[in-house]
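Each chain is listed here by its residues.
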Amino acid sequence: MTLHLYFARRFLISFMGLTGVFFILLALFGLMEQLRRFSVQELGILRVLQMLMLNVPKELYQIFPLIMILSSLVLFLNLARSSELVVARASGRSGLVILLAPVSVALAIGLFGVTTINPIVAATIKQYDTLSQFYRTGTSRILSLGTNGIWLRQGTPQGQTVIFAAGANSDASILLDVDFVAYEGSGGPSQRIIAERAELQDGIWLLTNGKSWPLLRGENAEAQAQNFAELQIATTLTREQIQDGFGKPSAISVWELPGLINQLEAAGFSARRHQMWLQLELSQPVFLVAMVLVAAAFTMGHVRMGRAGLASLAATLSGFGLYYVRNFARILGENGQIPIELAAWAPPIASVLLALGLILHLEDG
């Protein structure tokens with residue numbers, strides 16, 4: 001047990017140290033990005049730094065697999081060079097037994113990340129997106145999902161427009177039984193439009209079979225109302241903005257995702273992105289364990305000076321390859337090409353099995 005605790009402590013120290021290094025690097029690169037996106041003269045340096053601190057946790061959380069495999073490389077290379085692995089094997093412990101400590105730490109970090117770090121990162125992402133949109137456009141959230149339908153808000157140089165729809169398709173690009181209320185720059189309503197259908201196209205809403213009322217002071221709106229078969233209304237909204245209005249999956253805690261998924265499906269919207277993200281987060285601990293095993297497969301042997309760099313490079317490239325395979329499977333799952341559970345769980349489980357097979361082959365031939 002003392003030896004396992006020693007290996008676990010060494011691995012945790014390596015992970016925390018690399019996490020701190022990457023935090024500093026991401027903060028430096030992120031500061032340049034925030035200075036490019038926001039004007040210091042308009043917002044002030046404190047608000048720019050606030051945006052930076054809200055954005056860094058997301059970037060750091062995304063590269064957890066990279067930090068994990070690099071931490072594993074540091075641990076095993078140091079143990080191999082100091083011959084501590086040789087001594088541990090000489091005491092009667094096999095390679096798999098030696099791996100129990102770092103694998104347990106990786107699994108604990110993964111579980112802590114999913115249950116605790118994920119809600120924190122989701123809160124920072126949500127706050128960052130809200131403040132970013134407010135600082136750049138002067139408006140807040142553009143979409144709200146209610147019990148009777150959905151609400152949208154769009155801004156144009158002429159003013160704001162509030163949109164209500166009783167129904168919509170899966171991505172809310174086609175609205176049914178819509179009601180548009182336009183507001184002037186001074187804040188008062190200027191026009192109301194109802195239509196059977198509104199379709200989002202490039203830069204416009206195409207309304208069909210509706211009626212328009214001008215809302216001008218001192219005039220009879222009904223007397224000047226006009227029926228139309230088709231009407232175009234300029235918009236700055238895009239399909240991506242509307243989809244993000246439901247909430248980016250990464251900006252929602254894993255504890256809240258199941259409820260949101262049920263709400264979206266009950267309203268008739270597609271929740272595949274959110275389901276995929278939930279399964280990816282749940283499988284994250286297994287994937288982190290796979291990163292440790294991949295690093296161990298290449299570096300647990302007695303590494304000679306000339307082969308240490310080659311072994312590290314091979315392990316890093318293998319980790320990146322598995323990471324991109326996982327992202328590719330996520331895309332297939334989001335598009336409905338393969339089942340969501342298969343897309344989320346197959347890559348990490350296959351990575352663990354492949355790494356274990358390589359370790360057993362190197363250990364026992």
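Reference entry: report on the structure contained in this document. (Residues numbered from 1 in each chain as written. Predicted model: local features only at pLDDT ≥ 70, side-chain atom pairs only at ≥ 80, totals over all residues. Heavy atoms only, no water.)

**Re a nonpolar patch on the surface**
A surface patch of nonpolar side chains, about 790 Å² in accessible area, is lined by Val21, Phe23, Ile24, Leu25, Leu28, Phe29, Met32 and Met53. With seven residues, the single largest contributor to the nonpolar patch is helix H1 (residues 2-37). Secondary-structure assignment places methionine 53 in helix H3 (residues 45-62). (Patch = residues over 30% accessible without salt bridge, like charges linked within 9 Å, V, L, I, M, F, W, Y side chains within 5 Å. Areas by Shrake-Rupley, 256 points an atom, 1.4 Å probe, with all protein chains shown as cover. Salt bridge = Lys/Arg side-chain N within 4 Å of Asp/Glu carboxyl O. Helix = DSSP H or I, 4+ residues; strand = E, 2+ residues; numbered from the N terminus.)

**Comments concerning helix H4 (residues 64-81)**
Compared with the 26 Å implied by 1.5 Å per residue over 18 residues, the 26 Å span of H4 between its first and last C-alpha is a close match. Where burial is concerned, most of H4 is hidden: 13 out of the 18 residues are buried. (Expected span 1.5 Å × (residues − 1). Buried < 20%, exposed > 50% of the residue type's maximum accessible area, 1.4 Å probe, protein only.)

**Observations regarding the layout of surface pockets**
Each pocket or cavity is described by its volume, and for the second largest pocket that value is around 650 Å³. In terms of lining, the second largest pocket is formed by 27 residues, of which the most central are Gln62, Ser250, Trp277, Glu281 and Arg330. Those elements giving two or more residues to the lining of the second largest pocket turn out to be H3, helix H7 (100-137), helix H10 (272-282) and helix H12 (308-334). Per-element tally for the lining of the second largest pocket: the top contributor is H7, with seven residues. Of the residues belonging to the lining of the second largest pocket, the class tally is eleven nonpolar, seven polar and nine charged. (1 Å grid on protein atoms, 1.4 Å probe; cavity = no way out; pocket = protein on both sides within 12 Å on 5 of 7 lines; lining within 4 Å. Points joined across faces, edges and corners; volume = space filled by probe spheres on them. Nonpolar A, V, L, I, M, F, W, Y, C, P; charged D, E, K, R; others polar.)

**Regarding the nonpolar core**
Ranked by internal contacts, the top residues of the largest apolar core, which has 47 residues, are Ile67, Met68, Leu99 and Leu293. Broken down by secondary-structure element, the contributors of at least two residues to this core are H1, H3, H4, helix H5 (84-90), H7, helix H11 (284-299), H12 and helix H13 (340-364). Once residues lying within four places of it in the same chain are set aside, the contact partners of leucine 99 are Phe76, Leu293, Ala296, Met300 and Ile359. With 28 residues, the next largest nonpolar core counts Phe180, Val254, Leu260 and Phe269 among its residues. (Core = buried A, V, L, I, M, F, W, Y, C linked by side-chain atoms within 4.5 Å. Contact = heavy atoms within 4.5 Å.)

**Things to note about the pairing of strand E6 (residues 204-214)**
The element E6 is extensively covered by neighbouring structure, given that eight of its eleven residues are classed as buried. Where strand E5 (residues 189-201) meets E6, ten bridges bridge the pair, whose relative direction is antiparallel. When the sheet's bridge partners are listed, arginine 197 is paired in E6 with threonine 208. Hairpin geometry of E5 and E6 is characterised by an intervening segment of two residues between the two adjacent antiparallel strands and by a positive phi of about 80° at glycine 203. Bridge count for E6 against strand E7 (residues 226-234) is eight bridges, and the pairing is antiparallel. Residue pairing for E7: threonine 208 is matched across the bridge by glutamate 230. (Pairing = 2+ DSSP bridges.)

**Brief notes about the environment of arginine 9**
Its location among the elements puts arginine 9 in helix H1. Residues arginine 9 and valine 105, spaced 96 residues apart in sequence, show a C-alpha to C-alpha distance of 8.9 Å.

**Brief notes about the packing of aromatic side chains**
This model, assessed by the stated rule, comprises five aromatic pairs. Pairing phenylalanine 180 with tryptophan 205 gives two aromatic rings, centres 6.1 Å apart and planes at 75°, and the pair type is edge-to-face. Placement of phenylalanine 180 in strand E4 (residues 174-183) and of tryptophan 205 in strand E6 is noted, with a sequence separation of 25 residues between them. Both rings, one in tyrosine 323 and one in tyrosine 324, keep their centres 6.1 Å apart while their planes meet at 75°; by these two values the pair is edge-to-face. Pairwise contacts between aromatic rings join Phe15, Tyr61 and Phe64 into one cluster. We note arginine 192 situated over the ring of tryptophan 213; from NZ or CZ to the ring centre the distance is 5.6 Å. The lysine or arginine in question, arginine 326, covers the ring of phenylalanine 287, its NZ or CZ lying 4.7 Å from the ring centre. (Phe/Tyr/Trp six-rings, centres within 6.5 Å; stacked < 30°, edge-to-face > 60°. Lys NZ or Arg CZ within 6 Å of the ring centre and 35° of its normal.)

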